[in-house]
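Breakdown of the fold
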Amino acid sequence: MNDFIYYTPTKVYFGRGCENGVGKAVKEQGAKKVLVHFGGGSVRRSGLLGRLEASLGKEGIAYVELGGVEPNPKIGLIREGIALCKKEGVDFILAVGGGSVIDSAKSIGLGLAHGCDDPWEMISTQTMPTAGFPVGVVLTIAAAGSEMSNSHVVTNPDGNWKRPLNHDWLRPVFAFENPELTYTVSKYQTGCGIVDIMMHTLERYCVPGEDNELTDRISEGLLTAVKNAGEVAVEKPDDYEARATLMWASSVSHNGLTGCGKLTTFPAHKIEHEVSGMFDKVSHGAGLAVIFPAWAKFVYKKDVRKFAQLAVRVFGVDMDFDHPEETARRGIESMIAYFRRIGMPTTIGELGVSPDAFEEMARKCAPLASYCELGVEEIVEIFKLAL
């Protein structure tokens, strides 16, 4: 087991109706004026935004709104948010939504904490934060795990760059998680969320290095629970237990727990960022449903035992002790079959991505660390395995 630091400062309020206590939680942070940040009109039409703002008002906390966050959050709105917060004297940001909204809020906070109008330079140069700005979350989609993670990902349409920046200063101070708020999430977006949750653990599980049995067993339990709950949720969207499992797994899968004692590099995520960065209509989870199995096909022979272990313990494949490579391969095929069952694309053509784009996307993210170094040629081969 490698040495590690495990840090999860986010306070989680979980359960039915918990979001009605958001005003009190913000007041406990000493905030006087809040930016309420969200995506489209659904949070308003559902009445959620009104309830949250009433909760803030009850505690005497002023607020301003900024909606319009798109999937793959754009740097333009982040710049607008920073300017608005400076003008209005905002001292707290409340993100109401899923990963894109949370990441946009984190990036606004990044700019405010460092006195800059545009955090893209920090993101693109991987300049680490030296201070934080308080961000709280009311989660409406179980997927990205940004509600407890130290990461955020932002898109700059100028050049179609999609880049992360990870640091503990980017962890939210609290997250309100009511599974009932996810009942209206579409089947397709539910599926995207299931994949995203699984990938945050799979990219920590399938890594080179010494065994870490405890962390592996935690990971396998989470993956199995998500796999089972996912099939229920896409068929019965108002099943509370299934939605609760997915929502809590979203947080646990990306708060660092399933990576304790491991060295992680997230190669499949970085490859997918080029896909959804260049093709903005591609949902991150859908892209990962295509890219991760293709990456696994490319590398599994370099760690047959671990991929076979995943196949047996999570995807129910019988172990072929004489041919463990076959077990590992069947595990990848079982994963692909599962993604199909929950309505996800499994080929790159289904994402609307042409082979003509493979080399450009590969050049933008190469080289990558994995079981072997992935250069342009290797990444193009991974794209071809996704055809």
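Just above sits the structure.
Attention in this report is confined to the structure presented alongside it. (Residues numbered from 1 in each chain as written. Predicted model: local features only at pLDDT ≥ 70, side-chain atom pairs only at ≥ 80, totals over all residues. Heavy atoms only, no water.)

Strands sit in the order β1-β8-β5-β4-β2-β3 across an open sheet of six strands; the sheet is parallel. Two strands close off the open sheet at either side, each with one partner strand: β1 (11-14) and β3 (62-66). Along the sheet, successive strands turn relative to each other by an average axial angle of 20°, direction set aside. Relative to β3, strand β2 (residues 33-38) is paired through five bridges, and the arrangement is parallel. Of the residues in β3, the one forming a bridge with Val-34 is Tyr-63. Docked against the sheet, helix α4 (residues 75-88) engages β2 and β3, running at close to 160° with respect to β3. Contacting β1, β5 (135-139) and β8 (174-177), helix α9 (residues 240-253) runs over the sheet at an angle of about 175° to β1. (Pairing = 2+ DSSP bridges. Helix = DSSP H or I, 4+ residues; strand = E, 2+ residues; numbered from the N terminus. Axes fitted to C-alpha atoms, helices over the stretch in contact; angles between N-to-C directions. Contact = heavy atoms within 4.5 Å.)

Put simply, the second largest pocket is a space of about 180 Å³. In terms of lining, the second largest pocket is formed by Tyr-7, Pro-9, Gly-132, Phe-133, Pro-134, Val-135, Asp-168, Trp-169, Arg-171, Pro-172 and Val-173. Classifying every residue of the lining of the second largest pocket gives eight nonpolar, one polar and two charged. (1 Å grid on protein atoms, 1.4 Å probe; cavity = no way out; pocket = protein on both sides within 12 Å on 5 of 7 lines; lining within 4 Å. Points joined across faces, edges and corners; volume = space filled by probe spheres on them. Nonpolar A, V, L, I, M, F, W, Y, C, P; charged D, E, K, R; others polar.)

Bringing the packing of aromatic side chains into the picture now. Each aromatic ring pair is described using two quantities: the centre-to-centre distance and the angle formed by the ring planes. Going through the model one piece at a time under the given rule, you end up with 11 aromatic pairs. With a centroid separation of 4.2 Å and an interplanar angle of 5°, the aromatic rings of Tyr-13 and Phe-176 are classed as stacked. One end of the pair, Tyr-13, is in strand β1; the other, Phe-176, is in strand β8, with 163 residues separating them in the sequence. Taking relative accessible area as the criterion, Phe-176 reaches 1% and is therefore assigned buried. (Phe/Tyr/Trp six-rings, centres within 6.5 Å; stacked < 30°, edge-to-face > 60°. Buried < 20%, exposed > 50% of the residue type's maximum accessible area, 1.4 Å probe, protein only.)

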